[in-house]
Amino acid sequence: MTQPLEGVTVLDLTHVLAGPFASMTMADLGAHVIKVERPGVGDDTRAFPPFKDGESAYFATINHSKQSIALDLKAEGDRAIFERLLARADVVLENYRPGTMEKLGYGWDDLHARYPRLIYGAVSGFGHSGPEALKPAYDMVVQARSGVMSITGEAGRDPVRVGASIGDIVAGMYLVQGVMGALMARDTTGRGQKVDVAMLDGQLAILEHAIALTTTTGTPPGPTGARHPSITPFETFHAADGLFVIAAGNDALFAKLCDVLGLPLANDPRFATNPARCENARTLKRLIEAITLDRPKAYWVEKLESVGVPTGPIQNVAEALQDRQILARNMVVDVLGADGVPKYLAAGNPIKLSDMDDPKTRRPAPLLDGDRAEILTWLDAPAGDGPSARKNKT
C-alpha cells in the first residue's frame, strides 16, 4: 500500500511540541523526517518526564519514526552538511523565534533564492508578522490571550487551561495542513512557499461558536462548565455511580430522551424548543438527574444508545486507552525501543486513508545524532534513492 508522503524529505529543526507534532504526523503519512538537533543537548523534551529506562516517554511518543542528526549551524563543517540536506529536502520546519533563522543565513528569503522548490514551514507563538511577532509564547499564553481560557471552566470561577496542550497541537495541525497545501501547489508551479503558522492564530480559529455569539449578541460568553451555551440538554449528568454525558442536540432527540427517562416534558412549553430549554436549563437538569441518580451510568448509556441519543461515559485516560472503539480504530500503538521490542504506548494516526497501511507499531524515537552515518550515506547516494529508514517501515 502507498503512503501519500512517500518520497518527501522533511528537515525538522523544531523542538518541544508544536513542530514535532507536525513532523510526527508527516512521518505517519510516509515522509522521511530528519530531526536536526543541537549537539549534546538535542530537543528539550529529551529531558522531560516521565522516564522509562532513563529515556523520556514524552519525547519518544512525539518523535517516533524519525531520524536524528546533531548539527551546530554556526560551525562551518556542520553548515556544509546542513546545506547538502537542504539540497535534497522538500520541506524544512522550524519553530524558533522569528529572526533566528535569518541570523544563521537560513531564513525564508535566503533559502527560497537558493532552493526555489523548498517549502519552508514556520510555527511560532505570534507568527512572523505583526507588532508582537518577536514575543515569546507557550501554550498557556495563547490559550489565555485568544479567549479559549475565558470560556473554559465552571461559571463564576476562575478560567482554566484546557488540559491538553491545544495551543501547540492545533498549531501543529495547521502547520501540516499548510505544508500539504504548499506541496500540492508546487506540483503546479514548481516553486515552494513559506507556511507561517502562529499558535495564537490557531486558537482564535477554533473558537467558532464563541465568535458567533460575541459578534451577534455583543456580549462575549463566559465559562459554562460542561454545558453547551446554546444547546440543551448538552452536558454532564449524575448517575448512581458517577457522571456521564447527554447530548440531545435537537427536539427529536430530546423527545427520545424523555421517553427513555419517562419524563412527560417533550411538549411542556418550558422545554418543547431548544431556546426554551436553554432558558430553563437548570430546572431541566434537576428533573433529569432526579431520574438518572437511581441507576448506574452504564445503564443509562445503554438505554440512550439503544434509541440513538448521543451519550457516553466520562472516562479517564487509562479507560480511554482500553476503549473498544478506540482500539478497533488502531488508535493505540506500540512504539518500539532500540531493541525492536515494544516499549511505549502512543496515540495512533487518526488519519485513515484507504490506500495507506496503518501499522500497529512505530519505529523507535531516534537517539541524539543516532542516524548520522546513515544520513551521510544517503546524502552520498544518487538523488531519488530512498533511505533505509523508509524502506523498512514497520
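Residues numbered from 1 in each chain as written. Predicted model: local features only at pLDDT ≥ 70, side-chain atom pairs only at ≥ 80, totals over all residues. Heavy atoms only, no water.

The next subject is the packing of aromatic side chains. What describes a pair of aromatic rings is the distance from one ring centre to the other and the angle between the planes of the rings. As enumerated under the stated definition, the model contains four aromatic pairs in all. Residues Phe48 and Tyr58 carry aromatic rings whose centres are separated by 5.7 Å and whose planes lie at 65 degrees to one another, so their mutual orientation is edge-to-face. You can see Phe48 sitting in the loop between β2 (32-37) and β3 (51-52) and its partner Tyr58 sitting in helix α2 (residues 57-62), a full 10 residues away along the chain. Relative accessible area serves as the criterion here: at 31%, Phe48 is assigned to the partly exposed category. When its relative accessible area of 26% is taken as the criterion, Tyr58 is described as partly exposed. Ring geometry for Phe82 versus Tyr106: centroids 4.9 Å apart, planes at 75 degrees, classification edge-to-face. A residue pair is termed long-range when its members are at least 10 positions apart, and Phe82 in helix α3 (residues 76-88) and Tyr106 in the loop between α4 (100-104) and α5 (108-114) qualify at 24 residues. Judged by relative accessible area, Tyr106 falls into the buried class, the value being 0%. Across from the ring centre of Phe254, 4.5 Å away, lies the NZ or CZ of Arg277, which sits over that ring. The side chain of Arg295 reaches across the aromatic face of Tyr299, ending 4.4 Å from its centre. (Phe/Tyr/Trp six-rings, centres within 6.5 Å; stacked < 30°, edge-to-face > 60°. Helix = DSSP H or I, 4+ residues; strand = E, 2+ residues; numbered from the N terminus. Buried < 20%, exposed > 50% of the residue type's maximum accessible area, 1.4 Å probe, protein only. Lys NZ or Arg CZ within 6 Å of the ring centre and 35° of its normal.)

Strand order in this open sheet of three strands is β13-β12-β14, and the pairing throughout is mixed. Two strands in the sheet have a free side with no partner beyond their single neighbour: β13 (342-347) and β14 (361-362). The pairing of strand β12 (residues 332-336) with β14 spans two bridges and is classified as parallel. Its bridge partner lying in β14, Val335 is registered against Arg362. (Pairing = 2+ DSSP bridges.)

A few words now on the packing of α3 against helix α16 (residues 372-380). Closest axis-to-axis distance for the α3/α16 pair is 10 Å, and the angle between their directions is 55 degrees. Judged by the angle between their axes, α3 and α16 are oblique. Crossing of α3 over α16 shows left-handed handedness. Counting all contacts with α3, which are made through Asp78, Ile81, Arg84, Leu85 and Arg88, the residues of α16 involved are Arg372, Ile375, Leu376, Trp378, Leu379 and Asp380. Tallied by class, residues from the contact of α3 with α16 come to six nonpolar, no polar and five charged. (Axes fitted to C-alpha atoms, helices over the stretch in contact; angles between N-to-C directions. Parallel < 35°, antiparallel > 145°, perpendicular 65-115°, else oblique. Left-handed = near helix turned anticlockwise from the far one by under 90°. Contact = heavy atoms within 4.5 Å. Nonpolar A, V, L, I, M, F, W, Y, C, P; charged D, E, K, R; others polar.)

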